[in-house]
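Each chain, letter by letter, is given below.
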Amino acid sequence: MGKGFFHVPKAVNEPIKGYAPGSQERNEVLAQYKSYFNGNVEVPLYIGNEEIKTGNTKPMSPPHDHKHVVGSYHLAEKSHVSKAISNALASRKAWANLTWEQRAAIFLKAAELIAGPYRAKINAATMIAQSKTIHQAEIDAACEFIDFLRFNVEYMSEIYNEQPSSAPGIWNRVEYRPLEGFVYAITPFNFTAIAGNLPASAAMMGNVVVWKPSDSQIFSAKVIVDVFKEAGLPDGVINVIYGDPVMITETVLASPDFAGIHFTGSTHVFKELWKQIGNNIHTYKTYPKIVGETGGKDFIVAHKTANPNQVATAIVRGAFEFQGQKCSAASRVYLPKSLSKEILDLVKSDLQSMNKPGSPEDMSNFITAVIHEGSFDKLAKYIDQAKADKNAEIIAGGNYDKSKGYFIEPTVILTTDPKYTTMETELFGPVVTIYVYEDADWAKTLKLVDETSEYALTGAVLATDRYVIDEATKALENCAGNFYINDKPTGAVVGQQPFGGARASGTNDKAGSAQNLLRWVSPRLIKETFVTPTDYRYPFLG
Ligand code: NAD
């Protein structure tokens, strides 16, 4: 604590810019896009105060134009991983002892840099690296990231403010120590905001971090590093390495000082990480904190009292924005027979009104490319399977082409089998599967929603009958960590809808909330007695 009980600035959500034709923000981001697209950036490892070029590089290409190269990044070897750990540990004492308001100021400054001078840069980089439309880039890389930083500073000060009471003659205090060791952050490709938040939230609470971004997000990860540097984050607090995830992870998890993992990505990777941590448990100095937000098979269930237009819009936005590559994207839908034709006709007409998938630089495109060839091939395989299967029918989309970019048309599969493979498996692409139920089977359908998937991330019910809404809310209690009524299941906003799921979807530590930050501290209770006893005998001894 410094010399005052400081109040942090009240966190407010960053307003979303519109990028309408002719607007200044649109011109700025397009100019930045062109400059990045025609440039050739080289991304080093960031370890301590060094920017390391190992010479072993991989090219970076936009998913919507995969033959075009926008730069390269350097791959770490085992020695670099060890170096990242030792630099983190060497920086720990100074960083952990810095007063909290100084840490807060760095991250508040980072938020303002993104809101201002880095906005076009972080958005353009996200359009190129992850093939996001400008709207998707703006709500992620700019707004959500800014919100994470601002709100987490507020939550941090609330946590520090949470103190025990004290009986007369004593003073109880809690200090929220950073973990003893370092935190390992592993981030996914799909959100620049998550990539920045996972290392930043742990660092904000006084921890030092080794951060491994996704290979498919390094172009925008570099802008995050630039922002943190300009905001004044000291060297060695967040050390950034890329390369073979298995080698990096094995090296990190073998360190006795490994104190916690902040992971977002797929379920099977997280389960493997948990197993490795378990196998190494005798190595560690402390029990590591394990935080992971993972996959989803997110649902929309509509009741016969729902408004068909609202259901269709929830499907189109919920399933296809950012090509369905949001962990929260709707990917299984349950429609009542009486409304199904009207809803499906509306969905089809919406899809027909869209351009064919293309580059985000053309701002009339709603759909761009999926992230990489592996994802493209997997999606194409499921689409082909649906074309061949008797219990499935493709009623919209179904075409794909990877000659220029990894383009998959938004695809709607109609199935007669509620347990059809694409009703159960996370595909992570612009493919939604619809099952039509008999109106009378509403209660049975809720049970089906509950039992069909191992995941429990997001879900939505659309209905106007309040008894029905109440019934669904109770029946689906354990199917989603984020449950939506009469809305799409995507688009959680920091400070309003803390995000995370249960079952196979993660530890539900709610990114962008005090609950998450509490995982990165180890509280120490200090009891001070003012008049210390000098005689062991209690009065009852006579
Ligand atoms: P991914 O699991 O392929 O990769 C995530 C990270 O793990 C990357 O940095 C990757 O390099 C690393 N990784 C991969 N294999 C590894 C291994 N064997 N050991 C250690 N690290 C390894 O996931 P992705 O494709 O980047 O992201 C999509 C997944 O993330 C989806 O399953 C999605 O649902 C999930 N996701 C969940 C949330 C959430 O909040 N629940 C948010 C975003 C994404």
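Residues numbered from 1 in each chain as written. Predicted model: local features only at pLDDT ≥ 70, side-chain atom pairs only at ≥ 80, totals over all residues. Heavy atoms only, no water.

An unreviewed UniProt entry annotates the protein chain as L-glutamate gamma-semialdehyde dehydrogenase originating from Cellulophaga tyrosinoxydans. What the UniProt record of the protein chain gives under Sequence similarities (unreviewed entry) is the line "Belongs to the aldehyde dehydrogenase family." UniProt's Pathway (unreviewed entry) comment on the protein chain is quoted here verbatim: "Amino-acid degradation; L-proline degradation into L-glutamate; L-glutamate from L-proline: step 2/2." (UniProt positions renumbered as here; feature names shortened; annotations may be inferred.)

### Describing the overall build of the protein chain
Within the protein chain, the regular secondary structure consists of 16 helices and 23 strands. A globule of 542 residues ought to have a C-alpha radius of gyration of about 24 Å, and the protein chain, at 25 Å, matches this closely. Taking the principal axes of the C-alpha coordinates as reference, the protein chain spans close to 85 × 65 × 45 Å. For the protein chain, with 542 residues in total, the buried portion stands at 57%. Considering only contacts in the protein chain between residues 6 or more positions apart, those separated by 24 or more positions represent 77%. (Helix = DSSP H or I, 4+ residues; strand = E, 2+ residues; numbered from the N terminus. Rg over C-alpha atoms; globule rule 2.2 N^0.38 Å. Buried < 20%, exposed > 50% of the residue type's maximum accessible area, 1.4 Å probe, protein only. Contact = heavy atoms within 4.5 Å.)

### Some details on the pairing of strand E11 (residues 289-293)
Regular strands have side chains that alternate between both faces of the sheet. Most of E11 sits out of view: 4 of its 5 residues are buried. Note on the crossover from strand E10 (residues 258-264) through helix H9 (residues 267-279) to E11: the handedness is right-handed. (Right-handed = clockwise from strand over helix to strand, strands pointing away.)

### Here's the deal with the site of the ligand
Around the ligand, the structure places 27 residues, and the nearest of them are Thr187, Lys212, Ser266, Thr294 and Glu426. For the ligand, an oxygen atom lies 3.3 Å from a polar atom in the backbone of Gly265. Taking Thr294, its main chain carries an N or O atom lying 2.8 Å from a nitrogen atom of the ligand. For the ligand, the accessible surface in isolation is 840 Å², of which the surrounding protein chains cover 85%. Every element with two or more residues in the shell around the ligand is listed here: helix H8 (245-253), E10 and H9. It is H8 that provides the largest number of residues to the shell around the ligand, a total of 3 residues. Classifying every residue of the shell around the ligand gives 14 nonpolar, 10 polar and 3 charged. Looking at which domains feed residues into the shell around the ligand, each of domain 1 (24-294 + 506-526) and domain 2 (298-485) supplies at least three. (Near = heavy atom within 4 Å. Polar contact = N/O pair within 3.5 Å; in protein donor to acceptor, adjacent residues only side chain to side chain. Areas by Shrake-Rupley, 256 points an atom, 1.4 Å probe, with all protein chains shown as cover. Nonpolar A, V, L, I, M, F, W, Y, C, P; charged D, E, K, R; others polar. Domains from an automatic or database assignment.)

### Quick word on the domain arrangement of the protein chain
When its domains are assigned, the protein chain resolves into domain 1 (24-294 + 506-526) and domain 2 (298-485). Between the C-alpha centres of domain 1 and domain 2 there is a distance of 31 Å. Contacts between domain 1 and domain 2 engage 28 residues on the former and 30 residues on the latter. Here domain 1 packs against domain 2, burying approximately 2300 Å² in sum over the two surfaces, 59% of which is carbon and sulfur. Linking domain 1 with domain 2 are 3 salt bridges. One salt bridge in this structure joins Asp65 and Lys404, with 3.4 Å as the shortest N-O distance. Where domain 1 touches domain 2, the interface holds 14 residue pairs in polar contact (both at pLDDT 80 or more). (Buried area = accessible area lost by both parts, 1.4 Å probe. Salt bridge = Lys/Arg side-chain N within 4 Å of Asp/Glu carboxyl O.)

### Some words on unusual backbone geometry
The backbone of Gln323 sits at a positive phi, close to 55°, despite the residue not being glycine. Inspection of the secondary structure assignment puts Gln323 in the loop between helix H10 (308-320) and strand E13 (330-336). Here the phi dihedral of Lys510 falls at roughly 50°; this positive angle occurs in a residue that is not glycine. The topology assignment puts Lys510 in the loop between strand E22 (502-503) and helix H16 (514-518).

### Let's talk about the state of the cysteines
Considering all chains together, one arrives at 0 disulfides under this definition. Of all cysteine sulfurs in the structure, the one in Cys327 sits closest to Cys143, which takes part in no disulfide; the separation is 18 Å. Among the residues examined, Cys143 registers a relative accessible area of 3% and is labelled buried. (Disulfide = S-S within 2.5 Å.)

### A word on the packing of helix H6 (residues 192-204) against helix H7 (residues 218-231)
The relative placement of two packed helices is expressed as an angle between their axes plus a distance between the axes. Relative orientation of the contacting elements H6 and H7 amounts to 45°, with a least axis distance of 10 Å. Taken together, the axes of H6 and H7 are oblique relative to one another. H7 is crossed by H6, and the crossing has right-handed handedness. In this structure, H6 uses Thr192, Ala195, Gly196 and Ala200 to contact H7, whose residues at the interface are Ser220, Ile224 and Phe228. When the residues that make up the contact of H6 with H7 are grouped by side-chain class, the tally is 4 nonpolar, 3 polar and no charged. (Axes fitted to C-alpha atoms, helices over the stretch in contact; angles between N-to-C directions. Parallel < 35°, antiparallel > 145°, perpendicular 65-115°, else oblique. Left-handed = near helix turned anticlockwise from the far one by under 90°.)

### With respect to H9
With 13 residues, H9 extends 18 Å from end C-alpha to end C-alpha; this agrees with the ideal 18 Å at 1.5 Å per step. Those residues of H9 that fall on the buried side of the exposure criterion are Thr267, Phe270, Leu273 and Ile277. The buried residues of H9 occupy one face: seen down the axis, they fall within an arc of 120°. When the buried face of H9 is taken as reference, the exposed residues oriented beyond 90 degrees from it are His268 and Asn279. Buried residues in H9 make contact with strand E7 (182-186), H8, E10, E11 and strand E19 (455-456). (Expected span 1.5 Å × (residues − 1). Arc of directions from axis to C-beta.)

### Observations regarding the packing of aromatic side chains
Throughout the structure, instances matching the rule amount to 19 aromatic pairs. Pairing Tyr160 with Tyr176 gives two aromatic rings, centres 6.1 Å apart and planes at 35°, and the pair type is tilted. Of this pair, Tyr160 sits in helix H5 (residues 134-161) while Tyr176 sits in strand E6 (residues 170-178), placing them 16 residues apart in sequence. Tyr176 carries the same exposure label as Tyr160, and that label is buried. When the ring centre of Tyr118 is taken as origin, the NZ or CZ atom of Lys121, which lies over that ring, is 4.8 Å away. One residue, Lys381, lies across the ring of Tyr382, its end atom 5.1 Å from the ring centre. (Phe/Tyr/Trp six-rings, centres within 6.5 Å; stacked < 30°, edge-to-face > 60°. Lys NZ or Arg CZ within 6 Å of the ring centre and 35° of its normal.)

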